[in-house]
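What follows is each chain in one-letter form.
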Amino acid sequence: MSKEIPYKIYLEESEMPKEWYNVRADMKNKPAPLLNPGTGKPMTAEELGGVFCDELVKQELDNDTAYIPIPDEIRNFYKMYRPSPLVRAYCLEEKLQTPAKIYYKFEGNNTSGSHKLNSAIAQAYYAKKQGLKGVTTETGAGQWGTALSMACSYLGLDCKVYMVKVSYEQKPFRREVMRTYGASVTPSPSMETEVGRKILEEFPGTNGSLGCAISEAVEVAVKSEGYRYVLGSVLNQVLLHQSVIGLETMAALKKYDIKPDIIIGCAGGGSNLGGLISPFMGEKLRGEADYRIIAVEPASCPSFTRGKYAYDFCDTGKVCPLAKMYTLGSGFIPAPNHAGGLRYHGMSSILSQLYDDGLMEARSVRQTDVFAAAEEFARVEGILPAPESSHAIRAAIDEALKCKETGEEKTIVFGLTGTGYFDMYAYEAFHDGKMTNYIPSDEEIAASLAKLPKVEG
Ligand SMILES: *Cc1c(COP(=O)(O)O)cnc(C)c1O
């Protein structure tokens, strides 16, 4: 029965998913709705339509439709870099001398260097279809801004990116890639927006945060005719688009009758993890199969493991709706270390509900341990991983080492979300022994959580 498993399991173009899978349809406890901070009532489609594109609002609010067709234009764009390979990490297994079987789904095979392009093209497509002039967004580490710039240039849309100041300064090449694709890039907080000026007044010299940049991008979208705001993670619609990762992974595994025991992903706002696990979680929710699912977050920004499940603002300037999620508080500004794209204070509402229901686990890992894993991986598997992705590598290696102790032949699948070519300053700090492990104190987190908005539910 057992077929020989190739190093890379590729799907044919024709085997690429034709529909996204919406895990909310199979959730008994649905994720909590976004609330209007003024009224405390769920946001209506009309209210959301002022900020987001109409079709995306529909997807955001749809808790019931399990499969949503992927428009041909988006599928054709996907074909430029998908299906992405599922790789058997034979060399890593050998190096670790583990009986575990390790697979990773590699999403770094496109110029933006990460999985974010899967949702960027979808969001840009719906904006274009609505006849808009352009979109605004924030970017932290820069991957989302890069992906969105690529998608917008492909479709001929204007793209305004607010980039967290510390990244703007640390990653000039990211910025230039975005400008190459025609986007305008502004360091955040900036003096261009009301909310940016207010934040700068309150915190002069701040390095910025994703929460600040979101506030600025939303303000500009709402005030500019023909513009809407788009977000690269956290939202239900983004997890929906990213389900293409999980659907392909499942199809590739099924080709060889492989059943994973453990599925691992890094968690910033939850989009890659949510996308990877969605179809597997669907089976789990329907009682058809069981999997251990592990979210891995940085110890410097531990929303799941040390945050609180509560309604909170999605942004620092408090211009966005309230979302119920595991959060460290919207005023939480993580230390400017290198956790890059995992520095958001909150977490996807879908994943928050699944985690609260005990359907998945979470753990946090220290930055130097993450880079040690990244290096170990790069040296045998060749790929230079993004620091974000390396959180998942850390956990996969740790699980594989446990198998070595117990002799169990578990099958581990993890998401390798992207490449780290723009993160070489972080690698340099690690190699020079200058990388620090900033971990917030209980007092710091408590002080931030004390400022959560008072909302029922
Ligand atoms: C943005 C990013 C992440 C984290 O975002 P999620 O929404 O949690 O997936 C992880 N890896 C890479 C390479 C990223 O660019």
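The residue count restarts for each chain, going from 1 along the sequence in the order it is written. Side-chain atom pairs in this predicted model are given and counted only at pLDDT of 80 or more, local residue features only at pLDDT of at least 70, and totals for whole chains, interfaces and linings cover all residues. Excluded from the side-chain calculation are hydrogens and water; included are all heavy atoms of the structure.

Let's shift gears to the packing of aromatic side chains. Aromatic ring pairs: the centre-centre distance and the angle between the two ring planes describe each pair. Two aromatic rings from Phe, Tyr or Trp, using only the six-membered ring of Trp, form a pair when their centres are within 6.5 Å; if the ring planes differ by under 30 degrees the pair is stacked, by over 60 it is edge-to-face, and anything between is tilted. Under the criterion given, the structure shown has 17 aromatic pairs. An angle of 70° between the planes, with centres 4.8 Å apart, marks the rings of Phe77 and Tyr154 as edge-to-face. Here Phe77, found in helix α3 (residues 72–78), pairs with Tyr154, found in helix α6 (residues 143–155); they are 77 residues apart in sequence, far enough to count as distant. A centroid spacing of 5.1 Å and a plane angle of 70° characterise the contact between Tyr104 and Phe377, whose relative ring orientation is edge-to-face. Taken as a pair, Tyr104 in strand β5 (residues 101–106) and Phe377 in helix α15 (residues 367–381) lie far apart in primary sequence, 273 residues in all. Both residues of the pair, Tyr104 and Phe377, belong to the buried class. Taken together through their ring pairs, the aromatic side chains of Phe77, Tyr78, Tyr81 and Tyr154 make up a single cluster. The criterion is that NZ of a Lys, or CZ of an Arg, lies within 6 Å of the ring centre and within 35 degrees of the ring normal, and then a charge sits over that ring. Its end group placed over the ring of Tyr168, Arg175 keeps NZ or CZ at 4.5 Å from the ring centre. Here Lys324 stacks its cationic end above the ring of Tyr309, 4.5 Å away from the centre of that ring. Helix and strand definitions here come from DSSP, where helices need a minimum of 4 consecutive H or I residues and strands a minimum of 2 consecutive E residues; each element is numbered from the N-terminal end. Note on classification: 1.4 Å probe, protein chains only; a residue is buried when its accessible area is under 20% of the maximum for its type, exposed when over 50%, partly exposed between these limits.

Bringing the domain arrangement of the protein chain into the picture now. When its domains are assigned, the protein chain resolves into domain 1 (9–14 + 82–113 + 244–449) and domain 2 (19–30 + 46–69 + 115–229). Throughout the structure description, domain borders are defined by an automatic or database domain assignment. Summarising the inter-unit geometry, the C-alpha centres of domain 1 and domain 2 are found 22 Å apart. Contact criterion: two residues are considered in contact whenever any of their non-hydrogen atoms come within 4.5 Å of each other. Taken together, the contact between domain 1 and domain 2 spans 40 residues of the former and 37 residues of the latter. Buried area: the sum, over both parts, of the accessible surface (1.4 Å probe) that disappears when the two are put together. At the boundary of domain 1 with domain 2, total buried surface from both sides reaches about 3200 Å², with 63% on carbon and sulfur atoms. The term salt bridge refers to a side-chain nitrogen of Lys or Arg lying within 4 Å of a carboxyl oxygen of Asp or Glu. The interface formed by domain 1 and domain 2 includes two salt bridges. Its salt-bridge partner being Lys171, residue Asp423 comes within 2.8 Å of it at the nearest N-O pair. By the criterion applied in these results, polar contacts are pairs of N or O atoms within 3.5 Å in which, for protein atoms, one can donate a hydrogen and the other can accept it, and in which residues neighboring in sequence qualify only through two side-chain atoms. Seen at the junction of domain 1 and domain 2, the total is 13 residue pairs in polar contact (both at pLDDT 80 or more). Here the side of domain 1 that touches domain 2 takes seven residues from helix α12 (residues 271–285), the largest share from any one element.

Across a sheet, paired strands are connected by hydrogen bonds in the backbone, their directions being either parallel or antiparallel. Here, any two strands with at least 2 DSSP bridges between them count as paired. In space, the seven strands of this open sheet follow the order β1-β4-β5-β15-β10-β11-β14, with mixed pairing throughout. The sheet is open, and its two edges are formed by β1 (8–9) and β14 (361–365), each paired on a single side. In this fold α12 packs onto β10 (262–266), β11 (292–298) and β15 (411–416), with an angle of close to 160° to the strand it touches most, β10. Here an axis means a line fitted to C-alpha atoms, over the contact stretch when the element is a helix, while the angle between two N-to-C directions is reported on a 0 to 180 degree scale.

The side chains of a regular strand alternate between both faces of the sheet. For β11, the buried fraction is high: six of the seven residues fall into the buried class. Pairing of β10 with β11 involves five bridges; the strand directions are parallel. By the bridge assignment for β11, Cys266 is matched with Val296. The handedness of a crossover follows from its direction of travel: if, with the strands pointing away from the viewer, the path from the first strand over the helix to the second runs clockwise, the crossover is right-handed. Handedness of the β-α-β unit built from β10, α12 and β11 comes out right-handed.

Attention shifts here to the state of the cysteines. By disulfide we mean two sulfur atoms from cysteines, separated by a distance within 2.5 Å. Evaluation of the coordinates by the stated rule reveals zero disulfides. There is no disulfide at Cys320, and the cysteine sulfur nearest it, in Cys314, is 5.7 Å away. Take Cys403: it sits in no disulfide, and the sulfur closest to it among the cysteines is that of Cys91, at 18 Å.

What follows deals with the pattern of salt bridges. Overall, the coordinates contain 27 salt bridges when judged by the stated rule. We note a salt bridge from Asp442 to Arg306, for which the minimum N-O separation is 2.7 Å. One end of the pair, Asp442, is in helix α18 (residues 442–449); the other, Arg306, is in helix α13 (residues 303–306), with 136 residues separating them in the sequence.

A separate point is the site of the ligand. For this description, a residue counts as near a given molecule or strand if any of its non-hydrogen atoms is within 4 Å of it. The environment of the ligand is formed by 19 residues, the closest being Lys116, Ser233, Ser271, Asn272 and Thr417. In the environment of the ligand, an oxygen atom lies 3.2 Å from a nitrogen or oxygen atom belonging to the side chain of His115. Compared with its free state, where it exposes 380 Å², the ligand has 98% of that area covered by protein. By the convention adopted, Pro, Cys, Tyr, Trp, Phe, Met, Ile, Leu, Val and Ala count as nonpolar, Lys, Arg, Asp and Glu as charged, and the other residues, Gly among them, as polar. Of the residues in the shell around the ligand, the class split is four nonpolar, 13 polar and two charged. Inspection of the shell around the ligand shows a minimum of three residues originating in each of domain 1 (9–14 + 82–113 + 244–449) and domain 2 (19–30 + 46–69 + 115–229). The Shrake-Rupley method, run with a 1.4 Å probe, gives the accessible areas here. Residue values count only the displayed protein chains as cover.

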